[in-house]
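Reading the structure
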Amino acid sequence: KRLPVVRHVGAAAIFATFIPSALVYYKVLPDAVVTSVTDFTKTSNFLYLFIAAIIVGSIFGMDRHVLVKGFLKIFVPISIGSVLAAIVGTLVGTLLGLGAFHTLFFIVVPIMAGGVGEGAIPLSIGYAGLLHQEQGDLFAQVLPAVMLGSLTAIVVAGTLNFVGKRHPSLTGEGRLQPDEHDDEALRPGETISTAPLDVRTIGAAVVTAVTLYLTGVMAQRLLDWPAPVTMLFLAVLLKLAHAVSPDLRAGAYAVYRFFSTAVTYPLLFAIGVALTPWDKLMAAITLPNLITIVATVLTLIGTGFVVGRRLGMYPIECAVVNACHSGQGGTGDVAILTAANRMQLMPFAQIATRIGGALTVTLALIAMAKLM
């Protein structure tokens, strides 16, 4: 975070994630540390607690009118960016000799598929059925593109944060649209306590976030709809219905501040140790692959910048949300938003990752079925 030059392009998030991955691969970290961190990360679902706290806290603190407008408008740059990124990425890969079919389905689509668990795995399962090949082999082919795409997005997000500091007119410093502010509008009879937040209020906010997430998990089991997305929309509904007291909103925002400040880098370390295979990342670093991945991600992010500006949104914030569409799922969202110093965009990042990823996987499998 203090290194010259590279700190401006997200070096803190990159180092915190990928150096632990290398340390595991080269067996520098003790086995006991690797085992305990991996077991905790994979069995505790702590990542989803982090995402729940960030989403609920940021939504409860938003202006409700801007919130609705933001959710409706953000689909436009994500959709246009996805289409243009698919076209540009496929053309670049084809020109570099990778072949149109391989470039589209094994490089471009995985980048925008929504990560590993919700993207690469279902994508490889679908490919296995259509191509009559082993799912494990296909998973190994699509995973490097997911990881390198996420790494590229982290670097670009850090660069956008640096650009925003040089050109303040391009950024809302985490606000998606002009005139957006923390919502303090009260219903008749409501008052905001001026007393310091106590443990009970903080605890109630944590329980609220966990309850919303568990409701999302139940909906996922019944309706096969991603739990974080369900949680996100439930939080929005509670916000719009004035169903959350001012004290609880303040508690939720305090929880958001704690998680975004104190938990982010330890979580990135755990992600690097448990969920980031260094050998897969290194295997994909060939010049044609790298150029194709960078072209795809830059097109996606650049489109978000331009379209967001045309729609009256802050272009840097819109570009960062589009960057999350090329991230490594929830882990990528955390790293990208950390590099951009805009963790409050997590609700919109989840739309780009979860809904955008699910649509990408579905359309890709339909397209491959038509071509077979």
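Residues numbered from 1 in each chain as written. Predicted model: local features only at pLDDT ≥ 70, side-chain atom pairs only at ≥ 80, totals over all residues. Heavy atoms only, no water.

**Quick word on the overall build of the protein**
Across its full length, the protein holds 15 helices and zero strands. What you see for the protein is a C-alpha radius of gyration of 20 Å, in line with the 21 Å of a compact globule of 372 residues. Referenced to the eigenvectors of the C-alpha coordinate spread, the extents of the protein come out at roughly 65 × 50 × 50 Å. When each of the 372 residues of the protein is scored for burial, the buried share is 52%. Excluding contacts between residues fewer than 6 apart, the proportion of contacts in the protein whose partners are at least 24 apart in sequence is 81%. (Helix = DSSP H or I, 4+ residues; strand = E, 2+ residues; numbered from the N terminus. Rg over C-alpha atoms; globule rule 2.2 N^0.38 Å. Buried < 20%, exposed > 50% of the residue type's maximum accessible area, 1.4 Å probe, protein only. Contact = heavy atoms within 4.5 Å.)

**Here we look at the packing of helix α3 (residues 46-60) against helix α10 (residues 246-275)**
For the pair α3 and α10, the least separation of the axes is 8 Å and the interaxial angle reads 145°. Between α3 and α10 lies a crossing of left-handed hand. Here α3 contributes Phe46, Leu47, Leu49, Phe50, Ala53, Ile54, Val56, Gly57, Ser58 and Phe60 to the contact with α10, which in turn contributes Arg249, Ala252, Tyr253, Val255, Tyr256, Phe259, Ser260, Val263, Thr264, Leu267 and Ile271. Taken together, the residues that form the contact of α3 with α10 break down as 16 nonpolar, four polar and one charged. (Axes fitted to C-alpha atoms, helices over the stretch in contact; angles between N-to-C directions. Left-handed = near helix turned anticlockwise from the far one by under 90°. Nonpolar A, V, L, I, M, F, W, Y, C, P; charged D, E, K, R; others polar.)

**A few points about the packing of aromatic side chains**
Summed over the entire model, instances satisfying the criterion amount to ten aromatic pairs. Geometrically, the ring pair formed by Phe106 and Tyr127 is tilted, given 5.2 Å between the ring centres and 55° between the ring planes. With a gap of 21 residues between them, Phe106 in helix α5 (residues 100-111) and Tyr127 in helix α6 (residues 116-131) connect regions that are remote in the sequence. By relative accessible area, which is 6% here, Phe106 ends up buried. One aromatic cluster is present, built from ring pairs that chain together Phe40, Phe46, Phe50, Phe258 and Phe259. (Phe/Tyr/Trp six-rings, centres within 6.5 Å; stacked < 30°, edge-to-face > 60°.)

**As for the pattern of salt bridges**
Pairs can form between side chains of opposite charge whenever their charged atoms are close. Taken as a whole, this structure holds two salt bridges when the rule is applied. Among the salt bridges present, the one from Glu173 reaches Arg342, with a minimum N-O distance of 3.9 Å. Taken as a pair, Glu173 in the loop between α7 (135-166) and α8 (199-223) and Arg342 in the loop between α14 (329-340) and α15 (346-371) lie far apart in primary sequence, 169 residues in all. Using a relative accessible area of 41% as the deciding quantity, one classes Glu173 as partly exposed. Between Glu317 and Arg342 there is a salt bridge, with the nearest N and O atoms lying 2.6 Å from each other. Of this pair, Glu317 sits in helix α13 (residues 315-324) while Arg342 sits in the loop between α14 and α15; the two residues are 25 residues apart in sequence, bridging distant segments of the chain. Accessibility classification places Glu317 together with Arg342 in one group, the buried group. Here the salt bridges share partners, and the residues they tie into one network are Glu173, Glu317 and Arg342. (Salt bridge = Lys/Arg side-chain N within 4 Å of Asp/Glu carboxyl O.)

**Notes on helix α12 (residues 287-310)**
Taking 1.5 Å of rise per residue, 24 residues should cover 34 Å, and α12 covers 34 Å from first to last C-alpha, within 8% of that figure. Among the residues trailing α12, Gly312 stands out with phi positive, at a value near 85°. (Expected span 1.5 Å × (residues − 1).)

**Looking at the side chain of Arg342**
Judged by its relative accessible area of 0%, Arg342 is buried. With sequence-adjacent residues up to four places away left out, Arg342 is seen in contact with Asn161, Thr171, Glu173, Gly174, Ile316, Glu317, Val320 and Leu337.

**Things to note about unusual backbone geometry**
At Lys27, a residue that is not glycine, the phi angle is positive and equals roughly 60°. Relative to the assigned elements, Lys27 resides in the loop between α1 (11-25) and α2 (31-44).

**A few points about a nonpolar patch on the surface**
Together, Val76, Ile80, Val83, Leu84, Ile87, Leu91 and Leu311 make up a nonpolar patch on the protein surface, roughly 540 Å² of accessible area in all. Locating Ile87 in the fold gives a position in helix α4 (residues 64-95). Using a relative accessible area of 43% as the deciding quantity, one classes Ile87 as partly exposed. (Patch = residues over 30% accessible without salt bridge, like charges linked within 9 Å, V, L, I, M, F, W, Y side chains within 5 Å. Areas by Shrake-Rupley, 256 points an atom, 1.4 Å probe, with all protein chains shown as cover.)

**Considerations on the packing of α5 against α12**
Between α5 and α12, the shortest axis-to-axis distance is 10 Å and the interhelical angle comes to 50°. As summarised for this structure, α5 and α12 are arranged oblique, according to the angle between their axes. Of the two elements, α5 crosses α12, and the hand of that crossing is right-handed. Residues Thr103, Ile107, Val108 and Ile111 of α5 form the contact with α12, whose participating residues are Asn289, Thr292, Ile293, Thr296 and Val297. (Parallel < 35°, antiparallel > 145°, perpendicular 65-115°, else oblique.)

In short, shape yes, function no, at least from these values alone.
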